[in-house]
Amino acid sequence: MTTTTDELVSYEDALATYDPVMGLEVHVELGTKTKMFCGCSTELGAEPNSQTCPTCLGMPGALPVVNAIGVESAIRIGLALNCEIAEWCRFARKNYFYPDMPKNFQTSQYDEPIAFNGYLDVQLEDGETFRVQIERAHMEEDTGKSLHVGGATGRIHGASHSLLDYNRAGIPLIEIVTKPIEGAGERAPEVAKAYVAELRELIRALGVSEARMEQGQMRCDVNLSLRPHGREKFGTRSETKNVNSLRSVERAARFEIQRHAAVLNSGGTIIQETRHFHEDTGSTTSGRVKEEAEDYRYFPEPDLVPVAPSRAWVEEIRAELPEQPLARRNRLSEEWGITAFDMQSILNAGAIDPIVATIDAGADSASARKWWMGELARSANESGKALDELPITPEQVARVTALVTAGELNDKLARQVIEGVLAGEGTPDEVVEKRGLKVVSDDGALTTAVQEAIAGNPGIADKIRGGKVAAAGALVGAVMKATRGQADAARVKELILEQLGVSEG
Amino acid sequence: MTDHSSIIRLTAAETAANIASGVLTAVEVTEAHLARIEEVDAKVHAFLHVDREGALAQARAVDAKRARGEQLGPLAGVPLALKDIFTTEGIPTTVGSKILEGWIPPYDATVTKRLKAADVVILGKTNMDEFAMGSSTENSAYGPTGNPWDLTRIPGGSGGGSSAALASFQAPLAIGTDTGGSIRQPAAVTGTVGVKPTYGAVSRYGMVAFSSSLDQGGPCARTVLDAALLHEVIAGHDPLDSTSIDAPVPPVVEAARNGSVQGMRVGVVKQFRGEGYQAGVIQRFDEAVAVLKELGAEIVELDCPSFDLALSAYYLIAPSECSSNLARFDGLRYGLRVGDDGTHSAEEVTSITREAGFGPEVKRRIMLGTYALSSGYYDAYYGSAQKVRTLITRDFEKSFESVDVIVSPTTPTTAFPIGERADDPMAMYLADLCTIPTNLAGNSAMSLPCGLAPEDGLPVGLQIIAPALKDDRLYKVGAAVEAAFVEKWGHPLLEEAPSL
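All values reported here derive from a predicted model rather than from experimental measurement. (Residues numbered from 1 in each chain as written. Chains lettered and ligands numbered in written order. Predicted model: local features only at pLDDT ≥ 70, side-chain atom pairs only at ≥ 80, totals over all residues.)

**Details of the overall build of chain A**
Heads up, the condition is: Helix and strand assignments follow DSSP, with helices taken as H or I runs no shorter than four residues and strands as E runs no shorter than two, numbered in order from the N terminus. Partly exposed residues are those whose C-beta has more than 12 but fewer than 20 other C-beta atoms within 10 Å; 20 or more makes a residue buried and 12 or fewer makes it exposed, with C-beta atoms placed from the backbone. C-beta atoms are first placed from the backbone for all residues, and any pair lying within 7 Å is then listed as a contact.
Across its full length, chain A holds 17 helices and 14 strands. Across its three principal directions, the C-alpha atoms of chain A cover 90 × 55 × 50 Å. Here chain A holds 505 residues, and 40% of them are scored as buried. Put simply, 69% of the contacts in chain A that link residues at least 6 apart link residues at least 24 apart.

Here is the structure:
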């Protein structure tokens, strides 16, 4: 029996009385080619149970062997989170029963994690930095997947039977656990979101996982409790499991703050329980109640020898670490002369790497940003793709900007070139060639068009002669129309003024 | 030489030599043993499964190889009885339990693979205490095995099927596994030879786990040399077992061919005698020590106080690991499933299946281990037991500073009658008093016959213990002792066993 209530108090009222404390547990599926303890493929989307062997099926007699790339990835993550790396650590068995866990224990780590005592700086929307302390990062294996058939909700309740797919069983996971996050106050949900976002960036930058939350490659549990202001002791926490988008992380934390406050205000007690987050309503509901702390009967995994990464190896890995994403964003903001807010939009659009690559290919930063955050972002949005999945390379974008700089294309034509590249018509130069998109800056051809425009609009010409230089825009428009947009607008304006004997300014 | 009764009495080394030289064909040898199984196994019940067709096919392949002039391995064509704890692709593997009844493994254990690669002919799978938990083979879900010396007595356990197969000449070679004495104690009570190699010497891949940090596969035979030849086939690094030792196998065959204790220091541990030891066992053991002295060894008395705690530590560590290892038997993916009639949930089906599929000793140990690992008790039980384990390892290390090997009786008594200790787990556990310290420390040990106890005429085993990775010393000492005894008796001890 749960004492959950859907009664909420307003967020502001909740924060007026209580101080939230959060703990975030993030599971990252590593992008290794093979599983953590056997040689089976980790490829997504295969026939159910086609990527299995005696080891990951938990057959009698089968034994695990540690994936060295998995260990290296764990060390990379640990170092990037400013953690200490254990000189010696072991795997442990976490014993519990679940049908999608073949051995009925999970090979994990317990009191001897590979990485511990670190931190991650995250940036909030207003540019303020918040330091999240990391308790530990440890290695473990994923479970299989249960598909509950016959029920309305897809949950086990009401299902007639369940199907088990063990393809995911044994895929390497790194679990990253924060220390209690205190002092975030009303910004707790924002901190939670920013932390998960920053962690995702970090994991991607390290190249250890694509960390796609929508594909379950990164999953977050939000543990949250409230305590009255001024009290040191933590309240009882709820554990909201598998919150799988950045927005949901923020909403789940927010909802739980409001729900806890309502329970506490009405004199009730929060029970330690697992909760499920619902994307549609933004609310959580009770899962199973933990009547007492679950007893996993951890003990050191006797089938695996201890992991003792040499200091030389750890230093080698440290030396190869990429720049921290936040530090990189700060550096780039400075180099590009933009605000933290602008950078946040670029980050949210997934445009940092494409923009950097475009600049590396010769474009100036303003143009590179303009195309990726404008035309290309729109196109990506419309086609439901990520920017790096668009059929255009940063080099091609840089080529377009080069053509614009050289005056061979104007913005309008450049947009058409990009459209052509996206449509698969070839490289920018090929599209220019095929579509005949060249700025006409040949004075001979333009002069004829300008004279025609002046002749056709005597009134406007008079105004310009009379000193109203701004009126030249209308004539420029007429020329552009006549040349189907291919004229160099700046040159056209110069020629108009020249023809009318007026000098600008 | 086509007489079945003489073929089955050959040693493995002799059999292999006869096949290699063409005196015997592998098919003849295999048929002789299959006929012997047919003749006596209804009484002995050493085998749970006889793979007649598979064995003959293997034998034919050996003969074909020889006919093509190919080089044969040192045990090519020699039949072997495989403990039913090793997976065999396409052949049932039950681990002596109902819970795996009907399971046909999709893969071969590394030991199985190595045997096949060496052309050792696998006759079938032998009986054992369920999940290797026991010292009498009475805990098998498929009925007990008789001791060929007296069919009303136990053949030891858990590997009683393997030891009985050897002692009743149904196979010259067998494979066992030793978690607390399951190779050595059956060898002792059947008058055969059994070796527990150093932990990690023989791959555990495909060996159904009882207690992962203690389990170790090893060779069983009727002579020290045969055991050494088999040791060499099954030992060696296996990348599929991360606890497997990545080092060359010690020169065990060479040691077995050059038995000697001249100038060696042999330790006798104070703690391995006293209350609970049968008089005739102590008498034969003392005689063996006297033989060692005569052969030129120096006897050194040792004090290993931690050994008194070994049994207690073992009965915390082994059940703890087993409680986790056996969790996978849930009726969902393989083996027995009971109660799946549409009225029970998955968890209920698991519970009903386990109730029906596990025997009382297995349940007892799962419960003991679950309790010992539970939070709040872990430090007091599992944690303390691990500390005792460290103390035992240190006592061994200290001892091996002053001696080359240690000797003791293998087990405190000779074979007891079937049923005598079945309802008294503590009495049963005492059978492993002398063998358990070696498992806890991970070093190597052998049991070989040292005579018959005067009071009951049943075999007594001498245990030789060597440091980790020095398994060759067991064979050097064992071969010397064996030669001295055979000379003294005028024949191998097994010749005194009654004909069945």
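**Observations concerning the overall build of chain B**
Cut-off, in case you're wondering: Only C-alpha atoms enter the radius of gyration, while the globule expectation follows 2.2 Å times N to the 0.38, with N the number of residues.
Secondary structure summary: chain B contains 17 helices and eleven strands in total. For 500 residues, the compact-globule estimate of 2.2 N^0.38 gives 23 Å, and chain B sits close to it at 21 Å. Dimensions of chain B, computed from the C-alpha atoms along their principal axes, are close to 65 × 55 × 45 Å. Relative to its full complement of 500 residues, chain B shows a buried share of 62%. For chain B, long-range pairs separated by at least 24 residues make up 77% of all intrachain contacts whose partners lie at least 6 apart in sequence.

**So, the sheet that holds strand β1 (residues 47-50) of chain B**
Residues and elements named next belong to chain B. We apply this condition: Each pair of strands is called paired provided DSSP finds at least two bridges between the two strands. Lines are fitted to the C-alpha atoms to define the axes, a helix being fitted only along its stretch in contact, and any angle between axes, read from their N-to-C directions, falls within 0 to 180 degrees.
Spatially, the eleven strands line up as an open sheet ordered β1-β3-β2-β4-β6-β5-β10-β11-β9-β7-β8, and their pairing is mixed. Taken across any chain shown, the strands that pair with only one partner, and hence form the sheet edges, are β1 and β8 (298-302). Across this sheet, the average inter-strand angle for adjacent strands is 30°, counted without regard to direction. Where strand β10 (residues 444-452) lies against strand β11 (residues 459-466), seven bridges are found, and the strand directions are antiparallel.

**Notes on the interface of chain A and chain B**
Just so we agree on the cut-off: Gly falls in the polar group here, along with every residue not listed as nonpolar (Ala, Val, Leu, Ile, Met, Phe, Trp, Tyr, Cys, Pro) or charged (Asp, Glu, Lys, Arg).
Chain A puts 23 residues into the contact, and the matching count from chain B is 31 residues. Of the residues belonging to the side of chain A that touches chain B, the class tally is 14 nonpolar, four polar and five charged.

**Some thoughts on helix α8 (residues 352-360) of chain A**
All names here are of chain A. Formally: Each direction from the helix axis to a C-beta atom contributes to the arc, which is the arc of those directions.
Three or more residues of α8 are buried, namely Pro354, Ile355, Thr358 and Ile359. Burial along α8 is one-sided: seen end-on, the buried residues are contained in an arc of 135°. Contacts from the buried residues of α8 go to α7 (340-348), α9 (365-373) and α11 (394-405).

**Here we look at the sheet that holds strand β14 (residues 299-300) of chain A**
All names here are of chain A. What the three strands build is an open sheet, ordered β4-β3-β14; its pairing is antiparallel. Across the chains shown, the open sheet's two edge strands, defined by having one partner strand only, are β4 (105-108) and β14. Across four bridges, strand β3 (residues 92-95) lies against β4 in antiparallel orientation. Residue pairing for β4: Lys94 is matched across the bridge by Gln106.

**Quick notes on the domain arrangement of chain A**
Residues and elements named next belong to chain A. Short version of the rule: For the purposes of this description, domain bounds are those given by an automatic or database domain assignment.
For chain A, the assigned domains read domain 1 (11-312), domain 2 (349-435) and domain 3 (443-499). One C-alpha centre belongs to domain 2, the other to domain 3, and the line joining them spans 30 Å. With four residues of domain 2 at the contact, the number on the domain 3 side is four residues. In terms of residue class, the side of domain 2 that touches domain 3 is built from one nonpolar, two polar and one charged.

**Notes on the confidence of the model for chain A**
Put simply, the rule is: Every residue gets a pLDDT, meaning the predictor's confidence in that residue, from 0 to 100.
With 96% of its residues at a pLDDT of at least 70, chain A reaches an overall mean of 91. The low-confidence segment residues 1-5 of chain A, where pLDDT is below 50, has ten contacts with residues more than four positions distant or belonging to other chains.

**Examining the environment of A:Asp19**
All names here are of chain A. With respect to the element layout, Asp19 can be found in strand β1 (residues 18-29). For Asp19, a count of 20 C-beta atoms within 10 Å puts it in the buried group. Between the alpha carbons of Asp19 and Lys241 there is a distance of 22 Å; along the sequence they are 222 residues apart. With residues up to four places along the chain from it excluded, the contact list for Asp19 reads Gly185, Leu226, Arg227 and His229.

**Brief notes about unusual backbone geometry**
Put simply, B:Gly157 and B:Ser158 share a cis peptide bond, and its omega is 10°. Mapped onto the secondary structure, B:Ser158 falls in the loop between β3 (121-126) and α6 (160-167). Positive phi is not limited to glycine here, since A:Asn82 has a value of about 60°. Positive phi values are uncommon outside glycine, yet B:Ala132 reaches one of about 65°. Note that B:Ala132 resides in the loop between β3 and α6.

**Overview of the environment of A:Val305**
With respect to the secondary-structure elements, A:Val305 resides in the loop between β14 and α5 (311-319). According to the C-beta neighbour criterion, A:Val305 is partly exposed, with 15 such atoms within 10 Å. With 61 residues separating them along the chain, A:Val305 and A:Asn244 place their C-alpha atoms 34 Å apart. Ignoring sequence-local partners within four residues, the contact set of A:Val305 consists of B:Ser242 and B:Thr243.

**Thoughts on the pairing of strand β10 (residues 218-228) of chain A**
Remember that side chains alternate between the two faces of the sheet whenever the strand is regular. All names here are of chain A. Burial analysis of β10 places eight of its eleven residues in the buried class, which makes it a mostly covered element. Summarising the sheet, β1 and β10 pair through eleven bridges and their orientation is antiparallel. In the sheet register, Tyr18 faces β10, and the bridge partner there is Pro228. Here β10 runs beside strand β11 (residues 238-243); their pairing, made up of four bridges, is antiparallel. Bridged to Leu224 within β11 is Ser238.

**Describing the packing of helix α2 (residues 68-80) of chain A against α5(A)**
Residue and element names in this part refer to chain A. The line we're drawing: Should the near helix be turned counterclockwise from the far one by less than a right angle, the crossing is left-handed, whereas a clockwise turn marks it as right-handed.
Close contact between α2 and α5 brings their axes to 10 Å; oriented N to C, the two are set at 65°. For the crossing formed where α2 meets α5, the hand is right-handed. Here Glu72, Ile75, Arg76 and Leu79 of α2 come into contact with α5, specifically with Val314, Ile317 and Arg318. Taken together, the residues of the contact of α2 with α5 sort by class into four nonpolar, no polar and three charged.

**So, the packing of helix α3 (residues 26-44) of chain B against helix α4 (residues 52-67) of chain B**
Residue and element names in this part refer to chain B. Quick reminder of the rule: Any angle between 65 and 115 degrees counts as roughly perpendicular, while under 35 counts as roughly parallel, over 145 as roughly antiparallel, and the rest as oblique.
Contact geometry of α3 with α4 gives a least axis separation of 7 Å together with a crossing angle of 155°. Relative to α4, the element α3 is oriented roughly antiparallel. In terms of crossing hand, the pair formed by α3 and α4 is right-handed. Taking contact as the criterion, the partners of Ala26, Val27, Val29, Thr30 and Leu34 in α3 are, on α4, Arg52, Ala55, Leu56, Ala59, Arg60, Val62 and Asp63. When its residues are assigned to classes, the contact of α3 with α4 shows eight nonpolar, one polar and three charged.

**Focus: helix α14 (residues 443-456) of chain A**
Note the following rule: Here the expected length of a helix is defined as 1.5 Å per residue gap, with one fewer gap than residues.
Spanning 14 residues, α14(A) covers 19 Å between terminal C-alpha atoms, matching the ideal 20 Å at 1.5 Å per step. Elements that come into contact with the buried residues of α14(A) comprise α16 (472-482) and α17 (489-499) of chain A.

**What about the environment of A:Arg247?**
Residue and element names in this part refer to chain A. One can find Arg247 in helix α4 (residues 246-265). Take Arg247: there are 11 C-beta atoms within 10 Å of it, and that puts it in the exposed class. Sequence-wise, Arg247 and Glu279 are 32 residues apart; in three dimensions their C-alpha atoms are separated by 9.3 Å.

**Looking at the confidence of the model for chain B**
Of the residues in chain B, 100% reach a pLDDT of 70 or more, and the chain-wide mean stands at 97. The complex prediction reports pTM at 0.90, with the ipTM value standing at 0.95.

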